[in-house]
Amino acid sequence: MKKLLPFLDASPVNFLAVKALAEELESAGFRRIDPTLPLGEVKAGDQLYVTKNDSSIYAFRIGNKPMSEVGFRLICAHCDSPTFRIKPNAEMLCEGGIVKLNTEVYGGPIMSTWFDRPLTIAGRVIVKGKDALHPETLLLHVKRPLLQISNLAIHFNRQVNDGVKLSKQKDVLPILGIVTDHLECGNLLMNTICSELNIKAEDILDFDLYLADATPACTFGVHDEFISSGRLDDLSMCYAGLQALIGNKTEDATQVLAIFDNEETGSQTKQGAGSPFFASMLQRLILAQGGNQESFYQAIELSFMVSADNAHAWHPNYSEKFDPTNHPYLGGGPVIKFNAAQKYASDAVSAAVFASVCEEAGVPCQRFVNHSDVAGGSTLGNILASSLPLRGVDMGNAILAMHSCRETGSVLDHFYCVKAFTQFYKS
């Protein structure tokens, strides 16, 4: 937990998560490669990583044997989470000089959980560069409470505890501050950005900024057995994969950690699992190793993918929502996910493989299937497999309140998952 909690706090949005992952990879001896340049020679033991759009990252430890003979061992996850994106021209001046921000929903958050808690903003700001095609990117994380989405008092809404339908355009707009000077009018957000980054407003071209919970991640429970944090889905899986990769050594197979973006909105972006970018990087590695197109096809057929995305933990207040015989518990170990409609990549073969890996690692393993009357979600596993026909399993640690502003996980499950991932890379 000494490493996971600071990582969660340092990763309020996808861009900063990738920055934090890249820093840990470099500290472990991984070398960044530039996809616009030839890769050059690739040899056993090389540790490489590459990013796309500053919001996805892919790390590789080259194995002792040619990739065409043993394939890849891939752990895939995503670094985006449901939130609210700040729109252009966001400031809305209200009576009393109060300024609220115009936002739009990203992904599928439980919107009510964002109310009445300290929030901040984070993301990237694009400023003028050497020419129009090459602007510069600055990352922003305001590390203090800056905004809040306030509820309407119960006296004006007596039915609030009976359930209220929220408007994405009206009810969830955050309060930024009060204008105290006419020069601040229309400039509160821009002034904050400029102050945080020490830049001039005229140099700002655009931004991708999002709301984030300002409360640090923590553990709770009588034995400190639970984790409370925003973005456990799916940053906890990203970090478990990172710890396993860094803690491992060169094996026969090439080890891969792929952290995609935009899973919460369908993955169909250049940095998402539906992009050809990742497949092209795998192919380039094989070519740099002296292989050819046939070698690439062989490597894919010999590979195995773990699609790591959190699962739903059994909720003690809502047991009727869960399958009667397949509902995982917090602290019960990694969860293999099944779905008859093929929303998950798992089948009997791939599930057997991962269950065996867990057994070799001395880790318990659970299974999740949706209650047949309750529609479930999907993951990036099948999206990636639709372009790369990989054998693979969908799994994840069980959490409560998925897509809430703060989710709940298990401390023990994190350690179990790192052990299982470490064993998988050795397999």
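Residues numbered from 1 in each chain as written. Predicted model: local features only at pLDDT ≥ 70, side-chain atom pairs only at ≥ 80, totals over all residues. Heavy atoms only, no water.

Caption draft 1: Spotlight on the pattern of salt bridges. According to the stated counting rule, one finds 11 salt bridges in the structure shown. In this structure, K19 engages E23 in a salt bridge whose closest nitrogen and oxygen atoms are separated by 2.7 Å. Residue K19 and its partner E23 are both found in helix α2 (residues 14-27); the two are separated by 4 residues, about one turn of the helix. Note on E23: relative accessible area 41%, which makes it partly exposed. One salt bridge in this structure joins D213 and R406, with 2.8 Å as the shortest N-O distance. Placement of D213 in strand β10 (residues 204-213) and of R406 in the loop between β19 (398-399) and β20 (407-410) is noted, with a sequence separation of 193 residues between them. The same class applies to D213 as to R406, namely buried. Each member of the salt-bridge network shares a partner with another, and the members are D54, R85, E104, R124 and D208. (Salt bridge = Lys/Arg side-chain N within 4 Å of Asp/Glu carboxyl O. Helix = DSSP H or I, 4+ residues; strand = E, 2+ residues; numbered from the N terminus. Buried < 20%, exposed > 50% of the residue type's maximum accessible area, 1.4 Å probe, protein only.)

Caption draft 2: Structural detail: the sheet that holds strand β12 (residues 226-229). With antiparallel pairing, the 3 strands of this open sheet are ordered in space as β11-β12-β20. Of all strands in the sheet, those bounded by a partner on one side alone are β11 (218-220) and β20. Adjacent strand axes in the sheet meet at a mean angle of 35 degrees when their direction is disregarded. Pairing geometry for β11 and β12, over 3 bridges, is antiparallel. When the sheet's bridge partners are listed, F220 is paired in β12 with F226. On the sheet, helix α5 (residues 232-246) packs against β12 and β20 and is oriented at approximately 30 degrees with respect to β20. The strands touched by helix α10 (residues 411-426) within the sheet are β11, β12 and β20, with β20 carrying the most contacts at an inclination of about 60 degrees. (Pairing = 2+ DSSP bridges. Axes fitted to C-alpha atoms, helices over the stretch in contact; angles between N-to-C directions. Contact = heavy atoms within 4.5 Å.)

Caption draft 3: The arrangement of the sheet that holds strand β14 (residues 304-308) in detail. Spatially, β1-β2-β3-β13-β4-β14-β18-β16-β17 is the arrangement adopted by the 9 strands of the open sheet, whose pairing is mixed. The sheet terminates laterally at β1 (31-32) and β17 (366-369), the two strands that pair on one side only. Pairing analysis gives 5 bridges linking β14 to strand β18 (residues 391-396), with the strands arranged parallel. From the neighbouring strand, F304 faces β18, where its bridge partner is R391. Along the sheet, α2 makes contact with β1, β2 (47-52), β3 (56-61) and β13 (254-260), crossing β3 at roughly 20 degrees. Together, β14, β16 (335-338), β17 and β18 form the strand contacts of helix α8 (residues 348-361), whose direction differs from that of β18 by roughly 60 degrees.

Caption draft 4: Broad picture of the environment of R144. Mapped onto the secondary structure, R144 falls in the loop between β8 (136-141) and β9 (175-178). C-alpha separation for the pair R144 and D213, spaced 69 residues apart in sequence, amounts to 10.0 Å. Dropping the residues within four chain positions of it, R144 is found in contact with L119, T120 and E196.

Caption draft 5: Layout of the side chain of E91. Tracing the chain through its elements places E91 in strand β5 (residues 83-93). Buried and without a salt bridge, E91 has R144 as its closest oppositely charged side chain, separated by 12 Å. Side-chain polar atoms of E91 contact the backbone nitrogen of L189, separated by 2.6 Å. With residues near it in sequence (within four places) discarded, E91 still touches V99, K100, L101, E184, G186, N187, L188, L189 and M190. (Lys, Arg positive; Asp, Glu negative; His and termini not counted. Polar contact = N/O pair within 3.5 Å; in protein donor to acceptor, adjacent residues only side chain to side chain.)

Caption draft 6: How the structure looks around unusual backbone geometry. Here D233 and D234 are connected by a cis peptide whose omega angle stands at 15 degrees. Here D234 shows up in helix α5. Of note, N89 is a non-glycine position whose phi angle comes to about 50 degrees, a positive value. With respect to the helices and strands, N89 occurs in strand β5. Exposure remark for N89: the relative accessible area of 76% places this residue in the exposed category.

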